[in-house]
Amino acid sequence: LEPLWNLKLAIEMVPLPFTGIICDKFLYWFNNVIPQPLPQQLRDFGRDYDHHVLMEFAEYSEGEVKELRRSLDKFVSAHPEGHVQYRVCQGWEASRANLWRF
């Protein structure tokens, strides 16, 4: 991907009108042609909510993940139904979500 990124940067540096946005416009159009990289449920979250937080965590001592889930459940229950949700991603879905954040 680095050569493609470098090509994008080279095009954007050309001193002509619209070269600063032409690559982004192309990518915007091209995204509708290629298959969706995110699983449907993650796309639904992106459509239904204005903001998101992606957390990647590991358990370094016994019970940390369980405590985090308890805290998240408490946070969700403190808000009106449907205003806050979270999803635990694993495997392929987690790797796609993690790559998509960039």
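Look a little higher up for the structure.
Residues numbered from 1 in each chain as written. Predicted model: local features only at pLDDT ≥ 70, side-chain atom pairs only at ≥ 80, totals over all residues. Heavy atoms only, no water.

Digging into the pattern of salt bridges
Per the counting criterion, the structure on display carries six salt bridges. Taking the shortest distance from any N to any O, the salt bridge between Lys 8 and Asp 24 comes out at 3.6 Å. Separated by 16 residues along the polypeptide, Lys 8 in helix α1 (residues 2-13) and Asp 24 in helix α2 (residues 19-30) bring together distant segments of the chain. With relative accessibility at 14%, the residue Lys 8 sits in the buried group. A salt bridge links Asp 44 to Arg 47, with the shortest nitrogen-to-oxygen separation between them at 2.9 Å. Here the residue Asp 44 and the residue Arg 47 both occupy positions in helix α3 (residues 40-48), the gap between them amounting to three residues, near one helical turn. Taking the relative accessible area as the measure of exposure, Arg 47 reaches 59% and is therefore exposed. Through salt bridges with shared partners, one network takes in Lys 8, Glu 12 and Asp 24. (Salt bridge = Lys/Arg side-chain N within 4 Å of Asp/Glu carboxyl O. Helix = DSSP H or I, 4+ residues; strand = E, 2+ residues; numbered from the N terminus. Buried < 20%, exposed > 50% of the residue type's maximum accessible area, 1.4 Å probe, protein only.)

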